[in-house]
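# Coordinate analysis (summary)
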Amino acid sequence: MAETRIIYGFHAVVSRLRQGAAAVNEIYLDSGRRDRRAQDLVGLAESHGIRVMLVDDKRLDGMTGGARHQGVAARVELAQLPTHIDDVLDSLIEPALLLILDGITDPHNLGACLRVADAMGVHAVIAPKDRAVGLNATVSKVASGAAETVPYIAVTNLARTMRELKEREIWLIGADEKGEQDLYSAKLQGALAWVLGAEGEGMRRLTREHCDERVRIPMLGAVESLNVSVSAGICLAETRRQRRLG
């Protein structure tokens, strides 16, 4: 029997219905909601033959751990994505593009990073099992479906995984405000992995030392730093731009 997860919020549930309705087992809707948004959701679910169960708000609170569920949740089957980086790399027909996240503890940041990764065609997101948030319902909600499309590889030893990636000729680039060169002068073609650190702290020392090079994002305004998902989006977008030109 397939493993399932509860997702919640209108955007997350509607995105799942549109992207992969076959994985949605059932939907739970607050019985007090009769607005247009709820009606549209019911209509979309019925068009896919998915049952909508009317429940009270207290049950939804219990299912979602008291999160801001907006009156809707769904039980979905987890996609059978690769769980080991070798499985991802062995299946590629283009140079690898990976995102390594060193200790992201905020589920909203991880969800946003997964969403960016999906948009930029990242082949896998790699993160340590410890000192990191991992996948949960909040991450899935923020990711808006990307948690089920982008392989998320949780590893026991991040430094060892980085060494193994180097052995497979994948260039490791750390996003670092003290980087030796700026993003727009760096060569970002070929197989590579972007490495980004935790909120506020940046990469840990050992992670930084395992990077082949460190690159900074030019900051032209008064703001000194960016959210990790924004930084990831900028770095990945520039990588894709250079690959198109190359």
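Whatever comes next refers back to the structure up there.
This write-up is about the structure you can find in this document. Just so you know, these numbers come straight off a predicted model, no measurement behind them.

### Some words on the overall build of the protein chain
Helices and strands together make up the secondary structure of the protein chain, namely nine helices and eleven strands. Relative to the globule expectation of 18 Å for 246 residues, the C-alpha radius of gyration of the protein chain, 20 Å, shows essentially globular dimensions. The dimensions of the protein chain, computed from C-alpha atoms along their principal axes, are 55 × 45 × 35 Å. Counting every position in the protein chain, which comprises 246 residues, the buried fraction comes to 48%. Put simply, of all contacts in the protein chain between residues at least 6 apart along the chain, 81% involve residues at least 24 apart.

### Some thoughts on the pairing of strand S8 (residues 171-175)
As paired strands, S8 and strand S10 (residues 192-197) are joined by four bridges and run parallel to one another. Following the sheet pairing, Leu 172 is matched in S10 by Ala 193. When S8 meets strand S11 (residues 213-216), the two strands line up parallel, connected through three bridges. Along S11, the bridge assignment pairs Gly 174 with Arg 214.

### Remarks on the pattern of salt bridges
Think of it this way: side chains of opposite charge can pair up when their charged atoms draw near. With the rule as written, the count across this model stands at 15 salt bridges. One salt bridge connects Arg 204 with Asp 102, and the closest N-O pair in it is separated by 2.7 Å. Here Arg 204 is found in the loop between S10 and helix H8 (205-209), whereas its partner Asp 102 is found in strand S5 (residues 97-102), with 102 residues between them in sequence. Given a relative accessible area of 1%, Asp 102 falls into the buried group. Close ionic contact of Arg 241 with Glu 238 constitutes a salt bridge, the shortest N to O distance being 2.8 Å. With Arg 241 and Glu 238 both in helix H9 (residues 228-245), this residue pair falls three residues apart, about one helical turn. Residue classification places Arg 241 among the partly exposed positions, given a relative accessible area of 36%. Since its relative accessible area comes to 5%, Glu 238 is described here as buried. When salt bridges with common partners are traced through the structure, they connect Asp 176, Glu 180, Arg 208 and Arg 214 into a single cluster.

### Notes on the sheet that holds S11
Hydrogen bonds between backbone atoms are what pair the strands of a sheet, whose relative direction is either parallel or antiparallel. If you walk across this open sheet you meet the seven strands as S7-S6-S5-S10-S8-S11-S9, and the pairing is parallel. The open sheet terminates on both sides in strands that have one partner only, identified here as strand S7 (152-155) and strand S9 (181-182). In the sheet, S5 pairs with strand S6 (residues 124-128) via three bridges, with the strands oriented parallel. In the sheet register, Ile 100 faces S6, and the bridge partner there is Ile 126.

### A word on the sheet that holds strand S3 (residues 52-55)
Strands sit in the order S1-S4-S2-S3 across an open sheet of four strands; the sheet is mixed. The sheet terminates laterally at strand S1 (4-8) and S3, the two strands that pair on one side only. For this sheet, the mean angle separating the axes of adjacent strands, direction not counted, is 25 degrees. In this sheet, strand S4 (residues 72-77) lies alongside strand S2 (residues 24-30) in antiparallel orientation, the contact comprising five bridges. Bridging across to S4, Ile 27 finds its partner in Ala 74.

Cut-offs used in this document
Residues numbered from 1 in each chain as written. Predicted model: local features only at pLDDT ≥ 70, side-chain atom pairs only at ≥ 80, totals over all residues. Heavy atoms only, no water. Helix = DSSP H or I, 4+ residues; strand = E, 2+ residues; numbered from the N terminus. Rg over C-alpha atoms; globule rule 2.2 N^0.38 Å. Buried < 20%, exposed > 50% of the residue type's maximum accessible area, 1.4 Å probe, protein only. Contact = heavy atoms within 4.5 Å. Pairing = 2+ DSSP bridges. Salt bridge = Lys/Arg side-chain N within 4 Å of Asp/Glu carboxyl O. Axes fitted to C-alpha atoms, helices over the stretch in contact; angles between N-to-C directions.

Everything listed is a geometric property; what it means functionally is a separate question.
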